[in-house]
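Listed below, chain by chain, are the residues.
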Amino acid sequence: MSAEEQKTKPDVQDVETHPVLDVCRSIGMTQLRMKRVRDDYYDLPLEQRAALLGAPSIHHLCKTILLENQKCINSDCSDPRNSRFYCIVLQYSTQLQSHKIFKFVRTLIDKAPQKNYHFRYAKEQDSDALTGYSHNAVTPFGLKTQIPIILSKHIMELDPPIFWLGGGEVDTKLEVSCEEFNQILKPYVTDVIIDAPAEGSDKSKEGQASNE
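Described in the following lines is the structure provided in the data block. Just so you know, these numbers come straight off a predicted model, no measurement behind them.

### A word on the nonpolar core
Of all hydrophobic cores here, the largest spans 31 residues; its most connected members are Phe 141, Phe 163 and Phe 181. Only α2 (19-26), β3 (62-69), β4 (85-91), β6 (149-152), β7 (162-166), β8 (172-177) and α6 (178-185) provide two or more residues apiece to this core. Residues within four places of Phe 141 in sequence aside, it is in contact with Val 20, Val 23, Cys 24, Ile 27, Met 29, Tyr 133, Leu 174, Val 176, Phe 181 and Leu 185. Membership of the second largest hydrophobic core comes to 17 residues, among which are Leu 67, Ile 101, Tyr 117 and Ile 150.

### A short note on the sheet that holds strand β1 (residues 12-15)
With respect to topology, four strands assemble into an open sheet ordered β1-β2-β8-β7, the strand pairing being antiparallel. The open sheet has two edge strands with one neighbour each: β1 and β7. Pairwise comparison of adjacent strand axes, ignoring direction, gives a mean angle of 30° for this sheet. With five bridges connecting them, β7 and β8 associate as antiparallel partners. Residue pairing for β8: Gly 166 is matched across the bridge by Lys 173. Packing of helix α3 (residues 46-53) onto the sheet brings it into contact with β1, β2 (32-37), β7 and β8, and relative to β2 it is tilted by some 120°. Each of β7 and β8 is contacted by α6, which is oriented at about 85° to β8, the strand it contacts most.

Definitions and cut-offs
- Residues numbered from 1 in each chain as written.
- Predicted model: local features only at pLDDT ≥ 70, side-chain atom pairs only at ≥ 80, totals over all residues.
- Heavy atoms only, no water.
- Core = buried A, V, L, I, M, F, W, Y, C linked by side-chain atoms within 4.5 Å.
- Buried < 20%, exposed > 50% of the residue type's maximum accessible area, 1.4 Å probe, protein only.
- Helix = DSSP H or I, 4+ residues; strand = E, 2+ residues; numbered from the N terminus.
- Contact = heavy atoms within 4.5 Å.
- Pairing = 2+ DSSP bridges.
- Axes fitted to C-alpha atoms, helices over the stretch in contact; angles between N-to-C directions.

Have a look at this one:
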């Protein structure tokens, strides 16, 4: 794109037709909105991203990341209770606490040994291959591999009850209904984030994707 074309390109454009929208509609989702954003979207602060999309707050901006249980006894995702990989959907304004993922997934199988769980962020090449989407484009819809989804419970508490997430391309963002997402995709819903430190605390940031 030339410099002149870049200058005249709008900050956001409504998208009416897209493969991800087709997938969403095919599974019964009706409350959808997609926008194509400017090229420097990820260089902007959350407040400006929210303003561009018309999101109610920065807390309505969400992302999908892939975690791998490196000690999983299974090599694939066929058993959602003990999957090698999980898609985690959480807010950009929060930080993942992988120990909570570790504790939650262990509850899915009674008396599961701790030694069989060790969560790390999936390698980028694994994420690309399993989801079919590149970094910053990952969405839970139309995944190349059926991967169980874990949704941060705080997303279900948003008001209004909608959220934005990746739309299959780096520059497409998708708004969905919390209720429809929960009812149709049937994710596991649990607490996955680091609790905010108490006022005055000097506790440093944590959250490396590990259960150690």
